[in-house]
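Okay, here's what each chain looks like letter by letter:
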Amino acid sequence: MGQSYDLITIGRCSIDLYSHDLGAPFPEIRTFGAYLGGSPLNIAVGARRLGLRTALLTAVGPDKVGEFVLERLRREGVETRFIPVKPGARTPAVLLGIEPPDRFPITFYRENAADNQLTIDDVAALPLSEARAVQLSGTALAKEPSRSATFYAAEEAKAQGLTVFLDLDFRADAWPDPRAYGLVVRALLPLVDVAIGTEEEVNAAMLRRPEDVVVRHSQITAPEIRGDLAANVEALLGRGLKALVVKRGAQGSVVYLPGGEVVTAPGFPAEVVSILGAGDAFAAGFIYGYLQGWDYYRAARLGNACGAIVVGRIGCADFTPYHDEVMGFIESRGGF
């Protein structure tokens, strides 16, 4: 098709320090491993490993952590030449404890985060005319100037006929009031083709009461969020989406379409080591299938398989599967 990139992802990045002492409470952790992290980064790496040509627009600080992120991305084959270095800012870090099967305490170090300083000019430097799709992130909407940069990216991509994906990516600690998240997301949705998120993130996008958000055991990435899921799905679809993809963990995923059509894709059995990164692996798989022209069921099943593989591992981008691996995984479990 003459395009240089299948997918450009936009938003946050980090160095992820994951506990190697599986099962140890956080105060007893002695060793951490260093990996790549950040939802748009994870999706760029995951999609690249499946075979898409990907680029990432994020930002790093003039620090060694930024050098780590850029070098590891290059090794993965993700295009990094659009990533600016922001003077005076820091490349973020994340620390994660791993206490399977249901406790994964996480701490984000995002004060003065470089990726929050992405600007409209940074987006304008992207070769959107050479891409097929962009993927945006909900966390990038939490602060300026990255909020305006995200809206600008959506507007420009839509005008140029690209497919616009949005990872709802709700992080409660990123917002001074969790209701603000929904206000901004709902404003963005008319520029989005496909939104992807968990049931909790769908509820967050329509949140009316802050007390409906409950974070237990420092699991910021997996809060409990009460709400009327069916009504909230309908409300979000009413903003102009072509599809709303809801990740349901071990239960698989559901694709909601305008007009009431629902596509349910069963999950794959998996033994949980860490849930972090599984949702991003799902998104990479789903986007790959979508851009291959697959139907929603097949694309969602591929996403489910990618997520099932990653929950059996300890990290995010570094542990996402390659194309042949995930296809073999699916075939060994009865196929699509």
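As a reminder, the structure under discussion sits directly above these lines.
Not measured: the values here are computed from a predicted model. (Residues numbered from 1 in each chain as written. Predicted model: local features only at pLDDT ≥ 70, side-chain atom pairs only at ≥ 80, totals over all residues. Heavy atoms only, no water.)

### Remarks on the overall build of the protein
- Looking only at helices and strands, one finds ten helices and 14 strands in the protein.
- Relative to the 2.2 N^0.38 estimate, which gives 20 Å for 336 residues, the radius of gyration of the protein is 18 Å and therefore close to what a compact globule would have.
- Based on the C-alpha atoms only, the size of the protein along its principal axes is roughly 50 × 45 × 45 Å.
- Within the protein, contacts between residues at least 6 apart in sequence are counted, and of these 71% link residues at least 24 apart.
- In the structure as shown, the protein presents an accessible area of about 13,200 Å², 50% of it carried by carbon and sulfur atoms.
- Separation between the mean location of the 33 positive side-chain charges and that of the 40 negative ones in the protein comes to 1 Å. (Helix = DSSP H or I, 4+ residues; strand = E, 2+ residues; numbered from the N terminus. Rg over C-alpha atoms; globule rule 2.2 N^0.38 Å. Contact = heavy atoms within 4.5 Å. Areas by Shrake-Rupley, 256 points an atom, 1.4 Å probe, with all protein chains shown as cover. Lys, Arg positive; Asp, Glu negative; His and termini not counted. Charge placed at Lys NZ, Arg CZ, Asp CG, Glu CD.)

### What about the side chain of Asn232?
- Mapped onto the elements of the fold, Asn232 is located in helix 7 (residues 229–237).
- Note on Asn232: relative accessible area 10%, which makes it buried.
- For Asn232, the residues in contact, after removing those within four places along its chain, are Val202, Asn203, Met206 and Gly227. (Buried < 20%, exposed > 50% of the residue type's maximum accessible area, 1.4 Å probe, protein only.)

### So, unusual backbone geometry
- With an omega of 5°, the peptide bond between Pro100 and Pro101 qualifies as cis.
- By the secondary structure assignment, Pro101 is in the loop between strand 5 (93–96) and strand 6 (106–109).
- For the peptide bond that leads from Glu144 to Pro145, omega is 5°, which places it in the cis range.
- Along the chain, Pro145 falls in the loop between strand 7 (131–137) and helix 4 (146–159).
- Backbone geometry at Asp169 places phi at a positive 45°, although glycine is not the residue there.
- Of note, Asp169 is situated in the loop between strand 8 (163–167) and helix 5 (178–188).

### Thoughts on the nonpolar core
- In terms of nonpolar packing, the biggest core is built from 51 residues, with Ile8 and Leu244 touching the most fellow members.
- Leaving out residues up to four positions away in the same chain, Leu244 has contacts with Ala195, Val202, Val233, Leu236, Leu237, Val254, Val255 and Tyr256. (Core = buried A, V, L, I, M, F, W, Y, C linked by side-chain atoms within 4.5 Å.)

### Here's the deal with the sheet that holds strand 6
- A sheet is described by the order of its strands in space; here four strands give the open sequence 3-2-5-6, paired in mixed fashion. Edge positions in the sheet fall to strand 3 (32–37) and strand 6, since each of these pairs with one other strand and no more. Strand-to-strand twist in this sheet, taken as the mean axis angle between neighbours without regard to direction, amounts to 20°.
- Both strand 5 and strand 6 contribute to a ladder of four bridges, which runs antiparallel. Bridge pairing in strand 6 links Leu95 to Thr107.
- Relative to the sheet, helix 2 (residues 64–76) contacts strand 2 (14–19) and strand 3, its axis offset from that of strand 3 by approximately 65°. (Pairing = 2+ DSSP bridges. Axes fitted to C-alpha atoms, helices over the stretch in contact; angles between N-to-C directions.)

### Thoughts on helix 8 (residues 278–291)
- Over its 14 residues, helix 8 extends 20 Å from the first C-alpha to the last, a length consistent with the 20 Å expected when each residue adds 1.5 Å.
- The buried fraction of helix 8 amounts to 13 of the 14 residues, a majority that puts the element mostly inside the structure.
- Taken from the residues just after helix 8, Gly293 is the one with a positive phi, measuring 85°. (Expected span 1.5 Å × (residues − 1).)

### Things to note about the environment of Thr107
- Following the sequence through the fold, Thr107 ends up in strand 6.
- Placed 122 residues apart in sequence, Thr107 and Leu229 show a C-alpha to C-alpha distance of 28 Å.
- Here Thr107 is in contact with Ala93, Val94 and Leu95, once residues within four sequence places are set aside.

### With respect to the packing of aromatic side chains
- In the structure shown here, the tally under the stated rule is 14 aromatic pairs.
- Ring geometry for Phe26 versus Phe32: centroids 6.2 Å apart, planes at 50°, classification tilted.
- Given a relative accessible area of 27%, Phe26 falls into the partly exposed group.
- On the accessibility criterion, Phe32 (33% relative accessible area) is partly exposed.
- Ring plane angle 15° and centroid distance 6.2 Å describe the contact between Phe282 and Phe286, whose orientation is recorded as stacked. (Phe/Tyr/Trp six-rings, centres within 6.5 Å; stacked < 30°, edge-to-face > 60°.)

### Here's the deal with the sheet that holds strand 14 (residues 262–265)
- With mixed pairing, the eight strands of this open sheet are ordered in space as 4-1-7-8-9-12-13-14. Of all the strands in the sheet, just strand 4 (54–57) and strand 14 have a single pairing partner and so form its edges. Ignoring strand direction, the axes of neighbouring strands in this sheet form an average angle of 20°.
- Along the sheet, helix 9 (residues 296–311) contacts strand 12 (243–247), strand 13 (253–256) and strand 14; its crossing angle with strand 14, the most-contacted strand, is approximately 35°.

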